[in-house]
Amino acid sequence: DVKVYAVGPEYAHAEARKSPVVDGKVIRNARGKELRYPLILNNDEKEIARKVVLAFGQTLCGFDLLRSEGRSYVCDVNGWSFVKDSHKFWADSANLLRQYCLHAICPHHVERHPQGAPQVPPPNRTIRDSVLQDVVPPRASLQAPTGAEESELLCVIGLTRHGDRTPKQKLKMKTTEPRLLALLGKNKDARAELKIKKIRAMEELTQIVSRLVEEKLRAADPSSERYEEDLDKLLTVQQVLQSHPFSGINRKVQIKPSKWAAVPEAGSADGGAAPPASREVAVEALFILKWGGELTALGEAQAEYLGAKFRNSLYPGDEVGGGVLRLHSTYRHDLKIY
């Protein structure tokens, strides 16, 4: 299982891991992070990375590769994916994003103030047009300053990764349970997946799962292997959903239909020669529960430290020559940290 992280069409960082599909286990290091190994992509895979960036118009993205019988296949593409533990990737991506933005809106600035790290060619025009040009003023409206004393700092852009958090976890199970499949009726398209995040929908799902668990405990055959497997998964779902009040984005459910059947519409049979109208409904679906990824006490401390350090470096106080930004206090509300 290979994870590839691209920054523009000319740069890609790759890591390998043992796929949990093999035995259902995720190997983690002493800090609870998934264990990964740096990997060198071959020429074909580098070309794949370039094509993914261009095809999706996503300058910063990640995707999964599967290697099989000497060939590589893309099985998933995610926008704004980022490497967890690589200072080199962080430095490279910061440098590249700076170059890409400046090449699009102020190319002369790159020549006058080059970065110390090696530069790469500017991004393909397709990427620049599709990703950057729509959100910045036309280049003709930006006038180059004639001297440093005429320059004005317009903004500071930071790309910041969250602090330490609990491992993200996932549970998958196939289901033919009518009450779970009935939730798909909220979609107009019977083949569309359902995403459950809102509090009311999560509470409704919790009630359904709790009733299913009670019924299985009362009526099913404990000697059945299938019974044990289904009950274990339902108990896990129930435990995760009931672990604490719903808030934020720490839990998510996806229901993806996988099999369908045609059922007659109610009241459609009129005794005539025309066949009764029917509609398509899901009869089997993949149920996916995702949870975890919450800030730990260490993560909260890291976030507070970074926020204080960032503010103090921009607004250092009254000492002479400190910081890069000097604003009157009435303008400081323009600083926003999300």
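Residues numbered from 1 in each chain as written. Predicted model: local features only at pLDDT ≥ 70, side-chain atom pairs only at ≥ 80, totals over all residues. Heavy atoms only, no water.

**A short note on the side chain of Thr-206**
Along the polypeptide, Thr-206 turns up in helix H6 (residues 199-219). A distance of 2.8 Å separates a polar side-chain atom of Thr-206 from the backbone oxygen of Met-202. With sequence-adjacent residues up to four places away left out, Thr-206 is seen in contact with Leu-241, Gln-242 and Phe-246. (Helix = DSSP H or I, 4+ residues; strand = E, 2+ residues; numbered from the N terminus. Polar contact = N/O pair within 3.5 Å; in protein donor to acceptor, adjacent residues only side chain to side chain. Contact = heavy atoms within 4.5 Å.)

**Digging into the packing of aromatic side chains**
One pair of aromatic rings is described through two measures. These are the centre distance and the angle between the planes. Summed over all chains, the structure comprises 3 aromatic pairs. Directly above the aromatic system of Trp-260 lies the positively charged group of Arg-191, at a separation of 3.8 Å from the ring centroid. (Phe/Tyr/Trp six-rings, centres within 6.5 Å; stacked < 30°, edge-to-face > 60°. Lys NZ or Arg CZ within 6 Å of the ring centre and 35° of its normal.)

**Notes on the sheet that holds strand E8 (residues 251-264)**
Reading across the sheet, the 4 strands line up as E6-E9-E8-E7 and stay open at both edges, with antiparallel pairing between neighbours. Pairing within the sheet leaves two strands with one partner each, and these edge strands are strand E6 (168-175) and strand E7 (194-196). Strand after strand, the sheet turns through a mean of 25° between neighbouring axes, direction not considered. As paired strands, E7 and E8 are joined by 3 bridges and run antiparallel to one another. (Pairing = 2+ DSSP bridges. Axes fitted to C-alpha atoms, helices over the stretch in contact; angles between N-to-C directions.)

**Let's talk about helix H1 (residues 43-56)**
In an α-helix, one turn spans 3.6 residues, which is why side chains three or four residues apart end up on the same side. Taking 1.5 Å as the rise per residue, H1 with 14 residues should run 20 Å; its terminal C-alpha atoms sit 20 Å apart, in good agreement. For H1, the full list of buried residues reads Glu-45, Ala-49, Val-52 and Val-53. All buried residues of H1 lie within an arc of 95° about the axis, which places them on one face of the element. Facing away from the buried side of H1 by over 90 degrees, the exposed positions are Asn-43, Asp-44 and Ala-55. (Expected span 1.5 Å × (residues − 1). Buried < 20%, exposed > 50% of the residue type's maximum accessible area, 1.4 Å probe, protein only. Arc of directions from axis to C-beta.)

**So, the confidence of the model for the protein**
Predicted confidence across the protein gives a mean pLDDT of 77, with 71% of residues reaching 70 or more. A low-confidence stretch, residues 116-145 (pLDDT under 50), is modelled with 46 contacts involving residues beyond four sequence positions or located in other chains. (pLDDT = per-residue confidence, 0-100.)

**Concerning the side chain of Glu-284**
Secondary-structure assignment places Glu-284 in strand E9 (residues 278-292). Buried and unpaired, Glu-284 has no salt bridge, with Lys-259 as the nearest side chain of opposite charge at 4.1 Å. Once residues lying within four places of it in the same chain are set aside, the contact partners of Glu-284 are Lys-174, Thr-175, Thr-176, Leu-181, Pro-257, Ser-258 and Lys-259. (Lys, Arg positive; Asp, Glu negative; His and termini not counted. Salt bridge = Lys/Arg side-chain N within 4 Å of Asp/Glu carboxyl O.)

**Topic: unusual backbone geometry**
You will see that Glu-69, though not glycine, has its phi angle at about 50°, which is positive. Tracing the chain through its elements places Glu-69 in the loop between strand E4 (60-68) and strand E5 (71-79). The exposed category is assigned to Glu-69, whose relative accessible area is 82%. Non-glycine residue Trp-80 carries a positive phi angle of around 55°. Relative to the helices and strands, Trp-80 is located in the loop between E5 and helix H2 (87-105).

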